[in-house]
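Coordinates in review
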Amino acid sequence: MSWQKIKSVWHSFRNSLFVKICSYIYRFINFLLRVAILLLIFYSAAFTIAASIALYKGFVYVYDLYDSVENLKDTQPEMSKYMEALKDSNPAAEIKHTFVPLDSISSYLQKAVIASEDAGFYFHPGFDVYAIAEALNANRISGKTKFGGSTITQQLAKNMFLSGERSWERKFKELAYALLMEHELGKDRILELYLNYAQWGKNIFGCQEACRAYYKKDCYKLSIDQAINLAAMLASPSKHHPNMRESQFMAKRRAVIYQNMFPKKDSVLVDSLRQLMAPTSPVEKPAVKSTEAK
């Protein structure tokens, strides 16, 4: 076969419909690959930028939480978040609040509040899975949300830093604050802050003002019965008074507190009755041990 004939066959093949279709397919695939690679590059760049922004915001978010908790180590805020919200809703309201150190608070009140609000306070890391499970079961039986499983630490986190809205974000923040407070502040400081910022009336905050309002005395002078009465009203401070003897609600609360404070005699995890009834000095720091669990 001559060279000219070979060239002629080749030119005929190149100009055939089959070759043209293959050429178009090749170009189309090549275009798609180029576009895909370009999109992948843009996606990688966008993902990197978005991830960097998310990491930065996450760092700022966590740092703000940590910084807020860190400030509580040595300072006493003038008002909690809850107190500020109450003041905003009613500017004419007079907030009664006085801070006192833990060693100036009756050990009876410390024990009674733990027995009332969080019997396992000295055992859990800031949240109590058993208490949450109990609350969920009680709510299921009652058919509505009546009980919560929040620990003293979680209640303090909510009062000091969070709004009253109910959302998963708020619950996440509450847990984050609780864990940070447990790590950074310790149990005694958490209890001290809780007793000083808990609500004990419509505009009464802190145990010192509560004792002055209801018993006309400083909180280190409380009797055990008075301490239990004050602890009993914490579940509903705007509706109940510590001396409401006819209230079934208060009677049930007092019974629970007595049960938690005075468990079976053979229990080695609790203070003896003699220790509980012993008078405390106003300058002596009461020993709140891991003794109030049910």
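Position numbers for residues count from 1 along each chain, tracking the sequence in the order it is written. For this predicted model, a pLDDT threshold of at least 70 governs which residues receive local features, and a threshold of 80 or more governs which side-chain atom pairs are given and counted, while totals over whole chains, interfaces and linings are taken from all residues. With hydrogens and water stripped out, all remaining heavy atoms of the structure feed into the side-chain values.

**As for the overall build of the chain**
Secondary structure summary: the chain contains twelve helices and two strands in total. Going along the chain from the N terminus, every DSSP run of H or I of four or more residues is numbered as a helix, and every run of E of two or more is numbered as a strand. Tracing the chain from N to C terminus, the helices and strands come up as α-α-α-β-α-α-α-α-α-β-α-α-α-α. A 1.4 Å probe rolled over the protein chains alone gives each residue an accessible area, and that area as a share of the maximum for its type sets the label: buried under 20%, exposed over 50%, partly exposed in between. Every one of the 294 residues in the chain was classed for burial, and the buried ones make up 37%. Throughout, a residue-residue contact means that at least one pair of heavy atoms, one from each residue, lies within 4.5 Å. Pairs at least 24 apart in sequence give 67% of the contacts found in the chain among residues at least 6 apart. We get accessible surface area from the Shrake-Rupley algorithm with a probe of 1.4 Å; when it comes to residues, only the shown protein chains can shield them. Accessible area of the chain: about 18300 Å², with a carbon and sulfur share of 61%.

**Looking at the confidence of the model for the chain**
When the pLDDT values of the chain are averaged, the result is 79; 77% of them are 70 or greater. Looking over the chain, one finds the lowest element-wise mean pLDDT in helix α12 (residues 273-277), namely 34, and the highest in helix α8 (residues 187-197), namely 95. For every residue, the predictor reports its confidence as pLDDT, a number between 0 and 100.

**Describing the nonpolar core**
We call a set of buried Ala, Val, Leu, Ile, Met, Phe, Trp, Tyr and Cys residues a nonpolar core when their side-chain atoms join them within 4.5 Å. Judged by nonpolar contacts, the single largest core of 54 residues is most densely connected at L109, V113, M181, W200 and L230. In this structure, W200 is in contact with L109, V113, L195, G206, C207, A210, Y214, L230, M233, L234 and P237, ignoring residues within four places of it in sequence.

**Comments concerning the side chain of Q208**
Position of Q208 relative to the elements: it lies in helix α9 (residues 207-215). Discounting residues that sit within four places of it in the chain, Q208 has contacts with T98, V100, D218 and C219.

**Things to note about a nonpolar patch on the surface**
What goes into a patch is any residue over 30% in relative accessible area without a salt bridge, connected to like charges within 9 Å or, for nonpolar side chains (Val, Leu, Ile, Met, Phe, Trp, Tyr), within 5 Å. Salt bridge, as used here: a side-chain nitrogen of Lys or Arg that lies within 4 Å of a carboxyl oxygen of Asp or Glu. A grouping of L17, I21, I25, F28, I29, F31, L32, L33, V35 and L39 is seen on the molecular surface, where their side chains present a nonpolar patch of about 970 Å² in accessible area. Here F31 is to be found in helix α2 (residues 17-70).

**Thoughts on unusual backbone geometry**
Phi at K216 is positive, roughly 55°, even though this residue is not glycine. By the secondary structure assignment, K216 is in the loop between α9 and α10 (224-232).

**A word on the packing of aromatic side chains**
Aromatic rings from Phe, Tyr and Trp, with only the six-membered ring used for Trp, were paired whenever their centres fell within 6.5 Å, and each pair was classed as stacked if the ring planes differed by under 30 degrees, edge-to-face if by over 60, and tilted otherwise. Summed over all chains, the structure comprises six aromatic pairs. Ring plane angle 50° and centroid distance 6.3 Å describe the contact between F99 and Y197, whose orientation is recorded as tilted. Here Y197 lies in helix α8 and F99 lies in the loop between β1 (96-97) and α4 (107-117), a separation of 98 residues in the sequence. A positively charged side chain is recorded as over a ring if its NZ (Lys) or CZ (Arg) lies within 6 Å of the ring centre. The angle to the ring normal must also be within 35 degrees. One Lys or Arg, K187, reaches over the ring of F121 and ends 4.6 Å from the middle of that ring.

**Structural notes on the side chain of E184**
Among the structural elements, E184 can be located in helix α7 (residues 168-184). Within 3.5 Å is the distance limit for a polar contact, defined as a pair of N or O atoms, with the added protein rule that one can donate a hydrogen and the other accept it, and that residues adjacent in sequence qualify only through two side-chain atoms. There is a polar contact of 3.3 Å between the side chain of E184 and the side chain of K73. Those residues in contact with E184 that sit more than four places away from it in its chain are Y66, V69, E70 and K73.

**A closer look at the environment of P242**
Along the polypeptide, P242 turns up in the loop between α10 and α11 (248-261). A C-alpha to C-alpha distance of 9.1 Å links P242 and A227, two positions 15 residues apart in sequence. Those residues in contact with P242 that sit more than four places away from it in its chain are Y214, Y215, N229, L230, M233, M250 and R254.

**Overview of the packing of α4 against α11**
Only the stretch in contact is used when fitting a helix axis, every axis being a line fitted to C-alpha atoms; angles between N-to-C directions are given from 0 to 180 degrees. In the contact formed by α4 and α11, the axes pass within 8 Å of each other and the chain directions differ by 110°. Between α4 and α11, the angle is such that the two are roughly perpendicular. Facing α4, whose interface residues are Y108, K111, A112, A115, S116 and E117, α11 presents R253, I257, N260 and M261. Class assignment of the residues belonging to the contact of α4 with α11 gives a composition of five nonpolar, two polar and three charged. Oblique is the label for any angle not covered by the other classes, which are roughly parallel (under 35 degrees), roughly antiparallel (over 145) and roughly perpendicular (65 to 115). Residues are grouped as follows: nonpolar covers Ala, Val, Leu, Ile, Met, Phe, Trp, Tyr, Cys and Pro; charged covers Asp, Glu, Lys and Arg; every other residue, Gly included, is treated as polar.

**So, α4**
The buried fraction of α4 amounts to eleven of the eleven residues, a majority that puts the element mostly inside the structure. Along α4, the residues that are buried comprise S107, Y108, L109, Q110, K111, A112, V113, I114, A115, S116 and E117. Backbone nitrogen of Y108 and a side-chain oxygen of the N-cap are separated by 3.0 Å at the start of α4; the cap is S106.

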